[in-house]
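Report on the structure
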Amino acid sequence: MGRPDVRLGRPDIFHPRIVLAGCPQLVAGDGDDAELVAALRARDLHARWLSWDDPEAAEADLVILRATWDYPERLEEFLQWAGSVRNVLNPLSVVRWNTDKRYLNDLAAVGIPTVPSTFFAPDEPIVLPDGELVIKPAVAGGSRGAGRFTCPEAARDHAEGLQDEGRTVLIQPYDPRVDHHGETALVFLNGEPSHAFTKAALLPPPGTAAEVDESGLFHAERLAPVKPSSALWKLGAAALAAAATKCRVAMTDLLYARVDVIGGVIDDDPRLLELELVEPSLGWRQLDTEERDLAQRKFVIGVEDALERLGLGPLGQRGRG
């Protein structure tokens, strides 16, 4: 006998069980997504927040990754779990690819302008470029484990320390434009441009400590809304299209995406810093009420479209009993 349908609200419509996935430290995220449950309910979709490792999350019809920010320390367990749930957004192939920053090599290989990135596995000798550097783990979030270095000895010590922990190291030149203009975060919903915001420099100068959120999961951020140029949106769309092709999904299958770019404010040789497809903050709070309502409605429509693709929408459930 199959699992009984979950029926809430209208009795003639199947209501899939939807989970917005957080983590043990932040079960319901950092507050930026606080209105999503209500936005989903306004379209007769019923969701609740759970930590991704809560056994009840595994029983959901659809899991939407929103604040699974402890996955870098639990990557193998997280990916195994993501592969075990019935349905996950973004799609599983995207999650597997995007949790390791070596995806930057894939994007650079197809012509996406990226910040130069070199990776060193735990058993590979570190080769340090000249100049100020950013060194961080290839699997990381919230700038944890990342640092800025001008001293080669300190840089090497940090990189080799990460290797000693069994982690692949990512080394990039520090781009001084970040100090003046920060990063531009381009948010896409269902493969289409939605809104954007800037993030002030997260990494403090060498020798100083970063301000970390009380959860310990990410560096404190200073955000502000921004209206990027069409050229910048074009770069973001190109990166997203390349990622979709690599993961063998349609761009419209990507419920959400955040494309972090350096040089975007002044359109001065913009470069992709990161493409966040697993659990990025989407900066809802940087929008005014009307803009936020419209953007979150697009998000919910994307969830509805995904449910239809997965056979979990009203039409897909006809005849179930």
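Check the entry above for the structure.
Described in the following lines is the structure provided in the data block. Just so you know, the residues in each chain are numbered from 1, in the order the chain's sequence is written. pLDDT decides what is reported in this predicted model: residues at 70 or higher carry local features, side-chain atom pairs at 80 or more are listed and counted, and totals for whole chains, interfaces and linings draw on all residues regardless. Calculation of side-chain values draws on the structure's entire complement of heavy atoms; hydrogens and water are dropped beforehand.

**Brief notes about the side chain of Glu-276**
- When you line up the elements, Glu-276 lands in strand β13 (residues 271-276).
- Relative accessibility thresholds used throughout: buried, under 20% of the residue-type maximum; exposed, over 50%; partly exposed, between the two (1.4 Å probe, protein chains only). We score Asp and Glu as negative and Lys and Arg as positive, and we do not count His or the chain ends. The term salt bridge refers to a side-chain nitrogen of Lys or Arg lying within 4 Å of a carboxyl oxygen of Asp or Glu. Summary of buried charges: Glu-276 has no salt-bridge partner, and the nearest side chain of opposite charge, Arg-258, is 4.0 Å away.
- The contact definition used throughout considers only heavy atoms, calling two residues in contact when any of these lie within 4.5 Å. In this view, Glu-276 contacts Asn-98, Ala-257, Arg-258 and Asp-260; residues no more than four positions away in its chain are not counted. Strands are runs of DSSP state E lasting at least two residues, helices are runs of H or I lasting at least four, and both sets are numbered from the N terminus onward.

**Structural notes on helix α7 (residues 230-247)**
- Helix span is expected to be 1.5 Å times the residue number reduced by one. The end-to-end C-alpha distance of α7, which contains 18 residues, comes to 26 Å, matching closely the 26 Å that a straight helix rising 1.5 Å per residue would cover.
- Within α7 the residues assigned to the buried category are Leu-232, Trp-233, Leu-235, Gly-236, Ala-239, Leu-240, Ala-242, Ala-243, Ala-244 and Cys-247.
- As for α7, its buried residues are in contact with α3 (92-98), α4 (103-109), β9 (183-189), β10 (192-199), β12 (256-262) and β13.
- Phi for Arg-248, located one or two positions after α7, is positive at around 60°.

**With respect to empty space enclosed by the protein**
- Buried and open spaces are told apart on a 1 Å grid over the protein atoms alone, a cavity being a set of points where a 1.4 Å probe fits but cannot get out and a pocket being an open set with protein on both sides within 12 Å along at least five of seven lines. Residues with an atom within 4 Å of a point are the lining residues. Grid points are joined across faces, edges and corners, and a volume is the space filled by probe spheres set on the points. Using the criterion set out here, one finds one cavity of 30 Å³ or more in the structure.
- Counted as a void, the largest cavity has a volume near 40 Å³.
- Ten residue types, Ala, Val, Leu, Ile, Met, Phe, Trp, Tyr, Cys and Pro, are classed as nonpolar, four, Asp, Glu, Lys and Arg, as charged, and the remainder, Gly among them, as polar. Across the lining of the largest cavity, the residue classes tally to four nonpolar, three polar and four charged.

**A few points about the layout of surface pockets**
- In this structure, the second largest pocket spans a volume of roughly 250 Å³.
- Lining the second largest pocket are 14 residues, and of these Ser-194, His-195, Lys-227, Leu-287 and Glu-291 lie nearest its centre.
- Going through the elements one at a time, β10 and α8 (289-309) are the ones with two or more residues in the lining of the second largest pocket.
- Element by element, the count of residues in the lining of the second largest pocket is highest for α8, at four residues.
- When grouped by side-chain class, the residues that make up the lining of the second largest pocket number eight nonpolar, three polar and three charged.

Limitation: the analysis is restricted to geometry and does not speak to function.
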